[in-house]
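Overview (structure and organization)
These are the residues of each chain, in order.
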There are 2 protein chains.
Amino acid sequence: MEENNHTKAVCVYSRMSYGDQPISDFLDNVASERVTPAGGSAAALVGAIGTALCEMACLHTIGKNGYEDVEEEIAEIHEALLKQRSFLLDLADKDAEVVDELLVAYRDGSDQTVAMKKATGVPLTIAEACLPVIEHATVVSKKGNENAVPDAGTGSFLVYSALQASIFTVQSNLDQLSDSEFTKEMETRAAAIEQSAELEFERVLSNIE
Amino acid sequence: MEENNHTKAVCVYSRMSYGDQPISDFLDNVASERVTPAGGSAAALVGAIGTALCEMACLHTIGKNGYEDVEEEIAEIHEALLKQRSFLLDLADKDAEVVDELLVAYRDGSDQTVAMKKATGVPLTIAEACLPVIEHATVVSKKGNENAVPDAGTGSFLVYSALQASIFTVQSNLDQLSDSEFTKEMETRAAAIEQSAELEFERVLSNIE
């Protein structure tokens, strides 16, 4: 028994950070019969990819002729995006951790409610983390270097889908929970994120079209 | 001069395949002032991530009790998705190659039309490569293991955004070309892909809701 518990602990907690993993290995692991990395980690990584594109658009604006007036604002946004990308990559790891904990709860036959709540909270946090990126992308796509605006646009498509995919994961997980108070709170937060994101993404689209 | 040309050739053709690159390095390179990897490579990778999620949903269906009737169809889809993921990852490399060639043309002051056409053709191919994934996801989300259907759903959100982002890149590049015959042909193909994808994605949404 002790050995079994030890094996589980190793399985759950000593995973290589996805940031250090070669892309093909990550993809092979997603595509495998293993449950993690699953949708949450995939969405977080896509959010990070889209964020990186918005960062590039900032860098092609800062210090460039004709963009002196917006330089300070774009530099602040660049800094914020850099932090957000790092946060999203951490959330990719965090999602796999809580999904693995949920699997352990399934296998143990123990109460899965706590584990399922954690596995629902992380994708909600991923969606929440994507929202400010889209808000920043609105500014970048309006004021940034016109040559780099398409990159911010492409990034926004990707980050918005990461947000939508995460909200979808939240909803799928909530369907498996019977705690109506928790479900209501999560649904309210998810709806607010979704509504803000939709409005913000429409702004990006109107800037890039 | 000879040395310069040699340096350019090395820059354009001897890049490490993105599949072999650690995720953090890829993200840092996207986010850097370097032009590649840019939107096309990012979208292709997101397409590959979404495809991998759909593959996982297939694997959780094949050989599982209650899914004997659809096993053969899902196994064929799994095989097709595996190939498509590999193709999308190759396209991530290809996009960086043609964007670098375009940069070389800009720096040389030589005719950029051929290079720009190639840099427009690759994102169109990325969008085309995403479409069958969404079509397969429709079947998986309808007939696959109900526990894995959310993964196919999440994958579809991501692949659909990769397709939309790629079409957006095509349109942005076409704005810089004056060859109306080429532009018309590309716009027609892009519109057809977009229309099919929208219909197909709506089917996925109706299956997962």
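Nothing here was measured: the structure is a model prediction, and the numbers come from that model.

About the thresholds
- Residues numbered from 1 in each chain as written.
- Chains lettered and ligands numbered in written order.
- Predicted model: local features only at pLDDT ≥ 70, side-chain atom pairs only at ≥ 80, totals over all residues.
- Heavy atoms only, no water.
- Helix = DSSP H or I, 4+ residues; strand = E, 2+ residues; numbered from the N terminus.
- Buried < 20%, exposed > 50% of the residue type's maximum accessible area, 1.4 Å probe, protein only.
- Contact = heavy atoms within 4.5 Å.
- Areas by Shrake-Rupley, 256 points an atom, 1.4 Å probe, with all protein chains shown as cover.
- UniProt positions renumbered as here; feature names shortened; annotations may be inferred.
- Core = buried A, V, L, I, M, F, W, Y, C linked by side-chain atoms within 4.5 Å.
- Phe/Tyr/Trp six-rings, centres within 6.5 Å; stacked < 30°, edge-to-face > 60°.
- Buried area = accessible area lost by both parts, 1.4 Å probe.
- Salt bridge = Lys/Arg side-chain N within 4 Å of Asp/Glu carboxyl O.
- Least-squares fit on C-alpha atoms with pLDDT ≥ 70 in both.
- 1 Å grid on protein atoms, 1.4 Å probe; cavity = no way out; pocket = protein on both sides within 12 Å on 5 of 7 lines; lining within 4 Å.
- Points joined across faces, edges and corners; volume = space filled by probe spheres on them.
- Nonpolar A, V, L, I, M, F, W, Y, C, P; charged D, E, K, R; others polar.
- Disulfide = S-S within 2.5 Å.

The next thing to look at is the overall build of chain A. Tallying secondary structure elements over chain A gives seven helices and zero strands in all. Sequence-ordered secondary structure for chain A, helices as α and strands as β, is α-α-α-α-α-α-α. The C-alpha extent of chain A, read off along each of the three principal axes, is 70 × 40 × 25 Å. Across the 209 residues of chain A, 55% fall into the buried class. In chain A, the share of contacts with a sequence separation of at least 24, taken over all contacts with a separation of at least 6, comes to 77%. For chain A, the accessible surface area stands at approximately 9,300 Å², while carbon and sulfur atoms represent 49% of it.

In this section: the UniProt feature "domain: Cyclodeaminase/cyclohydrolase" (unreviewed entry) in chain A. When the UniProt feature table is mapped onto this chain, "domain: Cyclodeaminase/cyclohydrolase" (unreviewed entry) is found at residues 23–191 of chain A. Helix makes up 81% of residues 23–191 of chain A and strand 0%, with an end-to-end C-alpha separation of 32 Å.

This paragraph deals with the nonpolar core. The biggest cluster of nonpolar side chains holds 140 residues, and the ones touching the most others in it are Ile49(A), Leu163(A), Ile49(B) and Leu163(B). Sequence-distant contacts of Leu163(B), that is, excluding residues within four places in its chain, are made with Ala127(B), Cys130(B), Leu131(B), Ile134(B), Ile193(B) and Ala197(B).

What describes a pair of aromatic rings is the distance from one ring centre to the other and the angle between the planes of the rings. Residues and elements named next belong to chain A. Summed over the entire model, instances satisfying the criterion amount to eight aromatic pairs over all chains. The interplanar angle of 75 degrees and the centroid separation of 5.2 Å between the aromatic rings of tyrosine 18 and phenylalanine 26 together place this pair among those described as edge-to-face. Looking at phenylalanine 26, the relative accessible area reads 1%, which means it is buried. Ring plane angle 20 degrees and centroid distance 4.3 Å describe the contact between tyrosine 160 and phenylalanine 201, whose orientation is recorded as stacked. Of the two residues, tyrosine 160 is situated in helix 6 (residues 149–174) and phenylalanine 201 in helix 7 (residues 180–208); the sequence distance between them amounts to 41 residues. Accessibility assignment for this pair places tyrosine 160 and phenylalanine 201 in one class, buried.

Before going further, it helps to spend a moment on the interface of chain B and chain A. Listed as interface residues are 48 residues of chain B and, on the opposing side, 48 residues of chain A. When the area that chain B buries against chain A is broken down by residue, the three leading residues are Ile23(B), Leu27(B) and Phe168(B), summing to 18%. On the surface where chain B and chain A come into contact, there are four salt bridges. Where Arg85(A) meets Asp28(B), a salt bridge forms, and the shortest distance between an N and an O atom there is 3.0 Å.

The subject of this paragraph is the relation of the copies chain B and chain A. Two chain copies, one operation linking them: a rotation about an axis together with a shift along it. Of the transformation placing chain B onto chain A, the axial shift is 0.0 Å and the rotation is 180 degrees, giving an RMSD of 0.0 Å. On the angle and the small slide along the axis, the relation comes out as a two-fold axis. No C-alpha of chain B lies nearer the rotation axis than that of Pro22(B), which sits 1.9 Å from it. Take the interface residues of chain B: 100% of them recur as interface residues in chain A, which is what a same-surface contact looks like.

Bringing the layout of surface pockets into the picture now. By volume, the largest pocket is sized at about 1,500 Å³. Contributions of two or more residues to the lining of the largest pocket are made by helix 6 and helix 7 of chain A together with helix 3 (39–59), helix 4 (71–108), helix 5 (113–143), helix 6 (149–174) and helix 7 (180–208) of chain B. If one sorts the elements of the lining of the largest pocket by residue count, helix 6 of chain B sits on top with ten residues. Residues belonging to the lining of the largest pocket are distributed by class as follows: 23 nonpolar, 16 polar and eleven charged. Its boundaries defined by the atoms lining it, the second largest pocket holds a volume of some 1,100 Å³.

Residue and element names in this part refer to chain A. By the definition in use, this model includes zero disulfides over all chains. For cysteine 58, which is in no disulfide, the shortest distance to another cysteine sulfur is to cysteine 54 and amounts to 7.3 Å. Judged by its relative accessible area of 0%, cysteine 58 falls in the buried class.

For an α-helix, the turn length of 3.6 residues means that residues three or four places apart are oriented alike. Taken as a whole, helix 2 (residues 23–31) of chain A has its buried residues at Ile23(A), Phe26(A), Leu27(A), Asn29(A), Val30(A) and Ala31(A). Against helix 3 (39–59) of chain A together with helix 2 (23–31), helix 3 and helix 4 of chain B lie the buried residues of helix 2 of chain A.

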